[in-house]
Amino acid sequence: MNPQNQYCTPEQSKELAEFGVSDKAAARFTSCAGCEQHCDMRSDEFLVPVFNGMVTHDECFEKQLPAWSVAELGVMLGERANTVQTRYVPDNKTKRKPYGVFLNNYKTFPTEAQARAAALLWYLKEGILTAKEVNERLVNSR
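No experiment lies behind these values; they were computed from the predicted model shown.

Conventions adopted
- Residues numbered from 1 in each chain as written.
- Predicted model: local features only at pLDDT ≥ 70, side-chain atom pairs only at ≥ 80, totals over all residues.
- Heavy atoms only, no water.
- Helix = DSSP H or I, 4+ residues; strand = E, 2+ residues; numbered from the N terminus.
- Buried < 20%, exposed > 50% of the residue type's maximum accessible area, 1.4 Å probe, protein only.
- Contact = heavy atoms within 4.5 Å.
- Areas by Shrake-Rupley, 256 points an atom, 1.4 Å probe, with all protein chains shown as cover.
- Axes fitted to C-alpha atoms, helices over the stretch in contact; angles between N-to-C directions.
- Parallel < 35°, antiparallel > 145°, perpendicular 65-115°, else oblique.
- Left-handed = near helix turned anticlockwise from the far one by under 90°.
- Polar contact = N/O pair within 3.5 Å; in protein donor to acceptor, adjacent residues only side chain to side chain.
- Arc of directions from axis to C-beta.
- Salt bridge = Lys/Arg side-chain N within 4 Å of Asp/Glu carboxyl O.
- pLDDT = per-residue confidence, 0-100.

## Some thoughts on the overall build of the protein chain
- Within the protein chain, the regular secondary structure consists of 5 helices and 6 strands.
- Each helix and strand of the protein chain, ordered N terminal to C terminal, gives the series α-β-β-α-β-α-β-β-β-α-α.
- Of all 142 residues assigned to the protein chain, the portion counted as buried reaches 44%.
- A sequence separation of at least 24 residues applies to 55% of the contacts in the protein chain between residues at least 6 apart.
- Approximately 8,200 Å² of the protein chain is accessible, and the part contributed by carbon and sulfur atoms is 50%.

This is the structure we're talking about:
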């Protein structure tokens, strides 16, 4: 499986931050735009998730968006994580391609991580979960 499929999108990360969700993810999205003078991880095409040890300078790591993983999003959702399922469609004759489904509104997403992030955003928008609850779950899980 492509490691990038294990993370929500940068756009979802921005939305979660707007709701007050912590930025203490284990990984960050980075293109290192603006810090290319001391970083070889620059990419103009897309943001990639990297871990703290992969970025050679802490100041750039701290400026980047959190990249929430499937596991972290599951912790944030708590018992509501079961409202997201991974399903499979045939990709070719021998492989199956996974995708995520948020069961409350039956929307599908390319990955389970994106489905979990969408579910979390929906619960935050509806007032079913609060950023405080989500942040407490993250702290208590570490």
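## Quick look at the packing of helix α3 (residues 70-77) against helix α4 (residues 112-125)
- Two elements in contact, α3 and α4, have axes separated by 9 Å at closest approach and are oriented at 25°. The angle between α3 and α4 falls in the class roughly parallel. The interaxial crossing formed by α3 with α4 has left-handed handedness. Residues V70, L73, G74, M76 and L77 of α3 lie in contact with α4, whose contacting residues are E112, A113, R116, A117, A119, L120 and Y123.

## Regarding the side chain of E72
- Within the secondary structure, E72 is located in helix α3.
- A polar contact is formed between the side chain of E72 and the backbone nitrogen of S69, at a distance of 3.0 Å.
- Filtering out sequence-adjacent residues up to four positions away, E72 remains in contact with K24, A25, A26, A67, L138 and R142.

## Overview of helix α1 (residues 10-18)
- All of the buried residues in α1 are P10, Q12, S13 and L16. For α1, the angular spread of the buried residues around the axis is 155°, confining them to a single face. Of the exposed residues in α1, those oriented more than 90 degrees away from the buried face are E11 and E18.
- Looking one or two residues past α1, G20 carries a phi angle of roughly 95°, positive in sign.

## Quick look at helix α5 (residues 131-140)
- Along α5, the positions that sit buried rather than exposed are A131, V134, N135 and L138. Buried residues of α5, seen end-on, are gathered within an arc of 95° and therefore sit on one face of the element. In α5, the exposed residues that point more than 90 degrees away from the buried face are K132 and N140.
- Its buried side turned inward, α5 meets α3 and α4.

## Examining the pattern of salt bridges
- In the structure shown here, the tally under the stated rule is 5 salt bridges.
- One salt bridge connects D23 with K24, and the closest N-O pair in it is separated by 3.7 Å.
- By relative accessible area, which is 32% here, D23 ends up partly exposed.
- The shortest N-O distance in the salt bridge between E79 and R137 comes to 3.9 Å. One end of the pair, E79, is in the loop between α3 and β4 (84-90); the other, R137, is in helix α5, and 58 residues separate them in sequence.

## Some words on the confidence of the model for the protein chain
- Here the protein chain averages 75 in pLDDT, while 61% of its residues score no lower than 70.
- Across the protein chain, α5 holds the top mean pLDDT of 93, while strand β2 (residues 48-51) sits lowest at 56.

## Re the environment of G74
- If you trace the backbone, G74 turns up in helix α3.
- Among the residues examined, G74 registers a relative accessible area of 12% and is labelled buried.
- Distance in space between the C-alpha atoms of G74 and L138 is 9.9 Å, their sequence separation being 64 residues.
- Sequence-distant contacts of G74, defined by excluding residues within four places in its chain, comprise A81 and R116.

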